[in-house]
Amino acid sequence: NYLDTDSDGDGIPDATEGTTDTDGDGTPNYLDTDSDGDSIPDATEGTTDTDNDGTPNYLDTDSDGDGIPDSTEGTTDTDNDGTPNYLDTDSDGDGIPDATEGTTDTDNDGTPNYLDTDSDGDGIPDATEGTTDTDNDGTPNYLDTDSDGDGISDEDEGTGDSDNDGTPNYLDTDSDGDGVSDGQEILDGTNLNDPCDFLWTSVTLSQGDNFLSADCDGDGLSNGEEQGSNPNKPLDSNANGVADYLEYNAHQDTEDDLEPFEAVSPNGDGMNDVFVIRNIENYPANELQIYNRWGVAVYDVTGYGQQNQFFEGYSKGRLTIHSEEALPDGTYFWVLHYEVNGQQKVRKGYIYLNR
């Protein structure tokens, strides 16, 4: 050895290694092929100082400074990036540092988080979920099996974007954009991925364009047009308990978007049981008068469409004859006075009453 400048043949000169016994195994470094005792040969680790901590790799038990010992990380190259794990600060290549992920095995799959590309086992890669904590529960998304905290697992929600709002379902508390939280839809028994299936009484969130621009009843009018301004009390022009946006309306473009229907059939079948004037709720300052064929007023109310005031084939009004009397089938003439931005307007037409 006294003639050998590299007594242990590890490629590191004895003059560099010296007689110190770094790993305390009784063998001085110049004779020890694994000076730091990390099970990685000095010849492999070399004199480079990867983490710039002042200690060369062959003497550093954590060569990349990620808090995980070289003896744990080893020389495997998990992400096939050309850098062995003990020198790689992101061993699984998921964009989350090993120092952040650590050696915990969150999903108990036998692979520690720093080597696991899906640490929480929800089927969504850590690289996709990242370290953001969407629901502010103290657990970053890549370790959180319910990242948005809506009571539905990320695995069940997945990365689809049902309402096309740019937020994947697993991070979206209202996946279909109907204004009802996913968790509430589960309780209600409605489809959390169908913007047309929800209870309007459960709306607590702002409704998205996916719902407002959709046409749930397929009548050519968007939900936003038919629903009205209050999602918790959607327009129901014929007062049959079915919101307009869920009930087909063979509509026509009319002045001020007020569309009077031409027939009333109060037989309890839910179709035209009242005289429908679509969107009359948007013009509360109104008066409706209905006359029989002899010009006698048979119906006269102020605020038609408000507080359940609808013509159902009965005489009603202060000046009408035989108030609350069932009117005979036939054709009737109506006059509607209403206000638009302070301007008084009048619409007239005929309806046919047929029981």
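You'll find the structure just up there.
All chains use their own residue numbering, which begins from 1 and follows the written sequence. Predicted model: local features are reported for residues with pLDDT of at least 70 only, side-chain atom pairs are reported and counted for 80 or more only, and whole-chain, interface and lining totals are derived from all residues. In computing side-chain values, all of the structure's heavy atoms are included and hydrogens and water are not.

1. Here's the deal with the overall build of the protein
Secondary structure elements are defined from DSSP: runs of H or I of at least 4 residues count as helices, runs of E of at least 2 residues count as strands, and each element is numbered from the N terminus. Counting its secondary structure elements, the protein contains nine helices and seven strands. Computed over C-alpha atoms, the radius of gyration of the protein comes to 38 Å, more than 25% over the 20 Å expected from 2.2 N^0.38 for 355 residues, which places it beyond the range of a compact globule. Reported as C-alpha extents along the three principal axes, the dimensions of the protein are approximately 130 × 35 × 25 Å. Throughout, a residue-residue contact means that at least one pair of heavy atoms, one from each residue, lies within 4.5 Å. Taking all contacts inside the protein whose residues are at least 6 apart in sequence as the whole, residues at least 24 apart take part in 36%. Approximately 17,300 Å² of the protein is accessible, and the part contributed by carbon and sulfur atoms is 46%. Under this rule, positive means Lys or Arg and negative means Asp or Glu; His and the chain ends count for nothing. Charge coordinates come from a single atom per side chain, which is NZ of Lys, CZ of Arg, CG of Asp or CD of Glu. Here the protein carries 9 positive and 90 negative side-chain charges, and the mean point of each set is 52 Å from the other. Using C-alpha atoms as the atom set, the radius of gyration is obtained and then compared with a globule rule of 2.2 Å times the number of residues to the power 0.38. Accessible areas in this description were obtained via Shrake-Rupley with a 1.4 Å probe; residue shielding takes into account the shown protein chains only.

2. Points about the state of the cysteines
Two cysteine sulfurs form a disulfide in these notes if their separation is within 2.5 Å. Scanning the entire structure with this criterion turns up one disulfide. With a sulfur-sulfur separation of 2.0 Å, Cys196 is cross-linked through a disulfide to Cys216. Across the S-S bond of Cys196 and Cys216 the torsion is about -90°, and the bridge reads as left-handed. Of this pair, Cys196 sits in the loop between α7 (182-188) and α8 (209-212) while Cys216 sits in the loop between α8 and α9 (223-227), and the two are 20 residues apart along the sequence. Using a relative accessible area of 29% as the deciding quantity, one classes Cys196 as partly exposed. In this scheme, a residue with accessible area under 20% of its type's maximum is buried, one over 50% is exposed, and one in between is partly exposed, where area comes from a 1.4 Å probe on protein chains only. Cys216 sits in the partly exposed class, given a relative accessible area of 22%.

3. Some words on the pattern of salt bridges
By definition, a salt bridge exists where a carboxyl oxygen of Asp or Glu is found within 4 Å of a side-chain nitrogen of Lys or Arg. In total, this model carries four salt bridges according to the counting rule given. Its salt-bridge partner being Asp256, residue Lys345 comes within 3.2 Å of it at the nearest N-O pair. With a gap of 89 residues between them, Lys345 in strand β7 (residues 343-353) and Asp256 in the loop between α9 and β1 (259-260) connect regions that are remote in the sequence. Between Glu259 and Arg278 there is a salt bridge; the shortest N-O distance is 2.9 Å.

4. Some thoughts on the pairing of strand β6 (residues 330-340)
Remember that side chains alternate between the two faces of the sheet whenever the strand is regular. Each pair of strands is called paired provided DSSP finds at least two bridges between the two strands. Pairing geometry for strand β4 (residues 286-291) and β6, over six bridges, is antiparallel. Among the inter-strand pairings, Ile290 is bridged to a residue of β6, identified as Trp334. Hairpin connection, β6 to β7: the antiparallel pair is bridged by two residues, and Asn341 has positive phi, about 50°.

5. Thoughts on the environment of Pro56
Locating Pro56 in the fold gives a position in the loop between α2 (42-45) and α3 (70-73). Placed 17 residues apart in sequence, Pro56 and Ser39 show a C-alpha to C-alpha distance of 15 Å. When neighbours within four sequence positions are excluded, Pro56 is seen to be in contact with Gly46, Thr47, Thr48 and Asp49.

6. Comments concerning the side chain of Ser63
Locating Ser63 in the fold gives a position in the loop between α2 and α3. Residue classification places Ser63 among the buried positions, given a relative accessible area of 0%. For Ser63, the side chain forms a polar contact with the main-chain oxygen of Asp60, separated by 3.4 Å. Excluding residues that lie within four positions of it along the chain, Ser63 makes contacts with Glu45, Thr50, Asp51, Asn57, Asp70, Tyr86 and Leu87. Distance and chemistry together define a polar contact, namely a pair of N or O atoms within 3.5 Å, with one atom able to donate a hydrogen and the other to accept it when in protein, and with adjacent residues in sequence counting only for side-chain atoms on both sides.

7. Structural notes on the pairing of β7
In the sheet, strand β2 (residues 263-264) pairs with β7 via two bridges, with the strands oriented parallel. By the bridge assignment for β7, Val264 is matched with Leu353. Sheet topology note: the β6/β7 ladder contains 11 bridges and is antiparallel. Its bridge partner lying in β7, Thr331 is registered against Tyr352.

8. Notes on the packing of aromatic side chains
We call Phe, Tyr and Trp rings a pair once their centres come within 6.5 Å, taking the six-membered ring for Trp, and we label the pair stacked below 30 degrees between planes, edge-to-face above 60, and tilted otherwise. All told, the structure shown has 10 aromatic pairs when counted by the stated rule. For the pair Phe198 and Phe211, a centre-to-centre distance of 5.4 Å together with 80° between the ring planes defines the contact as edge-to-face. Separated by 13 residues along the polypeptide, Phe198 in the loop between α7 and α8 and Phe211 in helix α8 bring together distant segments of the chain. What makes Phe211 buried here is its relative accessible area of 0%. Centre to centre, the rings of Tyr283 and Tyr338 are 5.6 Å apart; their planes meet at 70°, and the pair counts as edge-to-face. Here Tyr338 lies in strand β6 and Tyr283 lies in the loop between β3 (277-278) and β4, a separation of 55 residues in the sequence. An identical accessibility class is assigned to Tyr283 and Tyr338; each is buried. Among the aromatic residues, those joined into a cluster by ring pairs are Phe275, Tyr299, Tyr304, Phe310, Phe311 and Trp334. Lysine NZ or arginine CZ positioned within 6 Å of the ring centre and within 35 degrees of the ring normal marks a charge as sitting over the ring. Sitting over the ring of Tyr314, Arg355 keeps its end group 5.4 Å from the ring centre.

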